[in-house]
Amino acid sequence: MERGEWENQTLLMEFLLLGLGDAHELQAPLFLLCLTIYTVTMVGNILIILLVVTDPHLHTPMYFFLVNLSSLETCYSSTILPRLLASFLTGDRTISVQGCMAQFFFFGTFATSECYLLAAMSYDRYLAICQPLLYASLMNWKVCLQLVAGSWIAGLIISTGITSFISRQRFCGPSAIDHFFCEEAPLLELSCSDTGMIRILIIILSFPDVVFPFLFTLASYVCIIDAILRIPSSMGRHKAFSTCSSHLTMVIVFYGTLIIVYMLPRTAPLRQLNKMFSFFYTVLTPLMNPLIYSLRNREIKGAL
């Protein structure tokens, strides 16, 4: 675009988040649903953190990772749901460009950190099941702290890179984002800059962002399942599988919906379906974490 054409473009100062739907009669039920989900998510994850911190029997690497996962889920939900709840109450769906970039940054940080933390948790379960005699020496507190710190730092660095690229785009209109939060694909659709290079950079960054942690987690569970199948007794296999079943459930739910969201083409007929799956992995997954661990984990139930 020529310089004169750029000068004639009016840069947007705010976006309009179209949300989950325009039907007026659905706003009250959606508000109550989201409020219930947010309340249960916050209470459940904070309760898990308090249980692990206060119960000495849970001061193990697995539960140290769980505390960090619950902290991530709490932050993760808080980047999206309070803004969504406010829009239901006030009817104001606008968000400033700076606010949108801030939401995108924090969402990206917590989502990427969760990918790495799930990979670290899968490594912990791999050592516990496949290398039980070496577990105590290989998974000491120094290693645990390094893995957790690395997860948070990786999320921060990758999200900073992607956000800095997107924030340099020029947004000249239209202003409507057909989503309930500021996500990468809908944002780029509104850019009046050339997005070819940034799309390539985002694809490159998606490898350390999602692909590498996913492949590491997948490889860990291939080894874990192989080791469990080689256990001769059915009781031994059940006991070994029970130590990783909660985490495996979280991995399947998180990556399953994430893959569906980013594999679905962003065509008009599929946008509502895309939003539904986005709602699942951004809003319902943090809710499922405390439910899965409290219902399937004997030690958490014992601490309760």
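Predicted, not measured: the structure shown is a model, and the values here were computed from it.

Digging into the confidence of the model for the chain
Reasoning step 1: Confidence in the prediction for the chain averages 85 pLDDT; 91% of positions are at 70 or higher.
Reasoning step 2: Within the chain, no element has a lower average pLDDT than helix H1 (residues 3-8), which sits at 43, and none a higher one than helix H7 (residues 141-167), at 93.
Reasoning step 3: Note that residues 1-8 has pLDDT below 50 and, in this model, six contacts with residues that lie over four places away or in other chains.

Concerning the sheet that holds strand S2 (residues 94-96)
Reasoning step 1: Sheet architecture is open: three strands sit in the order S2-S1-S3, paired in mixed fashion. Looking at which strands have only one partner, the edges of the open sheet turn out to be S2 and strand S3 (176-177).
Reasoning step 2: Of the strand pairs in this sheet, strand S1 (residues 14-17) and S3 are connected by two bridges, and their pairing is parallel. Bridge pairing in S3 places Leu16 opposite Ala176.
Reasoning step 3: Contacting S1, S2 and S3, helix H5 (residues 97-130) crosses the sheet at an angle of about 85° to S2.

What to know about the state of the cysteines
Reasoning step 1: Counted by the stated rule, this structure contains one disulfide.
Reasoning step 2: Each sulfur in the disulfide pair Cys100 and Cys182 lies 1.9 Å from the other. Torsion about the S-S bond of the Cys100 and Cys182 cystine: about -125°, corresponding to left-handed handedness. With Cys100 in helix H5 and Cys182 in the loop between S3 and helix H8 (184-189), the pair connects residues that are 82 residues apart, well separated along the chain.
Reasoning step 3: We note that Cys75 lacks a disulfide partner, and the nearest cysteine sulfur, in Cys115, lies 16 Å from it.
Reasoning step 4: Of the residues examined, Cys75 reaches a relative accessible area of 29% and is grouped as partly exposed.

Here we look at the pattern of salt bridges
Reasoning step 1: Scanning the model with the defined rule gives three salt bridges in all.
Reasoning step 2: Between Arg125 and Asp124 there is a salt bridge; the shortest N-O distance is 2.8 Å. Per residue, the accessibility class of Arg125 equals that of Asp124, and both read buried.
Reasoning step 3: A salt bridge links Asp226 to Arg230; its shortest N-O distance comes to 3.2 Å.
Reasoning step 4: Arg230 sits in the exposed class, given a relative accessible area of 61%.

Notes on the packing of helix H9 (residues 196-229) against helix H11 (residues 245-263)
Reasoning step 1: Put simply, H9 and H11 touch, their axes get as near as 12 Å, and they point 145° apart. In terms of crossing hand, the pair formed by H9 and H11 is left-handed. Across from Val210, Pro213, Phe214, Thr217 and Tyr221 in H9, the residues of H11 making contact are His247, Leu248, Val251, Tyr255, Leu258 and Ile259.
Reasoning step 2: Class assignment of the residues belonging to the contact of H9 with H11 gives a composition of nine nonpolar, two polar and no charged.

Details of the packing of aromatic side chains
Reasoning step 1: Scanning all chains against the criterion turns up 15 aromatic pairs.
Reasoning step 2: Relative to Trp152, the ring of Phe110 has its centre 6.3 Å away and its plane inclined at 80°; by these criteria the two rings are edge-to-face. Taken as a pair, Phe110 in helix H5 and Trp152 in helix H7 lie far apart in primary sequence, 42 residues in all.
Reasoning step 3: When the ring of Tyr123 is compared with that of Tyr126, the centres are 6.4 Å apart and the planes differ by 20°; the resulting orientation is stacked. Of the two residues, Tyr123 and Tyr126 both sit in helix H5, three residues apart, roughly one turn of that helix.
Reasoning step 4: Given a relative accessible area of 26%, Tyr123 falls into the partly exposed group.
Reasoning step 5: For Tyr126, a relative accessible area of 22% translates into the label partly exposed.

The rules behind the values
- Counting of residues starts from 1 at the beginning of each chain's written sequence and follows it residue by residue.
- Residue-level local features of this predicted model are given only where pLDDT is at least 70; pairs of side-chain atoms are given and counted only at 80 or more, and the full residue set underlies all totals for whole chains, interfaces and linings.
- Side-chain metrics rest on all non-hydrogen atoms present in the structure, leaving aside hydrogens and water.
- pLDDT is defined as a per-residue confidence score from the predictor, taking values between 0 and 100.
- A run of H or I in DSSP becomes a helix once it reaches four residues, and a run of E becomes a strand once it reaches two; helices and strands are each numbered from the N terminus.
- A contact between two residues is defined here by any heavy atoms of the two lying within 4.5 Å.
- Pairs of strands are assigned from DSSP output, requiring at least two bridges between the strands.
- To obtain an axis, a line is fitted to C-alpha atoms, over the contacting stretch when the element is a helix, and the angle between two such axes runs from 0 to 180 degrees between their N-to-C directions.
- For the purposes of this analysis, a disulfide is any pair of cysteine sulfur atoms at a distance within 2.5 Å.
- The classification of residues rests on relative accessible area computed with a 1.4 Å probe and restricted to protein chains. Under 20% of the type maximum is buried, over 50% is exposed, and intermediate values are partly exposed.
- Salt bridge, as applied in this entry: a Lys or Arg side-chain nitrogen positioned within 4 Å of an Asp or Glu carboxyl oxygen.
- Two helices crossing with the near one rotated counterclockwise from the far one by less than a right angle form a left-handed crossing, whereas a clockwise rotation gives a right-handed crossing.
- In this count, Pro and Cys sit with the nonpolar residues alongside Ala, Val, Leu, Ile, Met, Phe, Trp and Tyr, while Asp, Glu, Lys and Arg are called charged and the others, Gly among them, polar.
- Stacked, tilted and edge-to-face are the three classes assigned to paired rings of Phe, Tyr and Trp, where Trp is represented by its six-membered ring and a pair needs centres within 6.5 Å; plane angles under 30 degrees give stacked, over 60 edge-to-face, the rest tilted.

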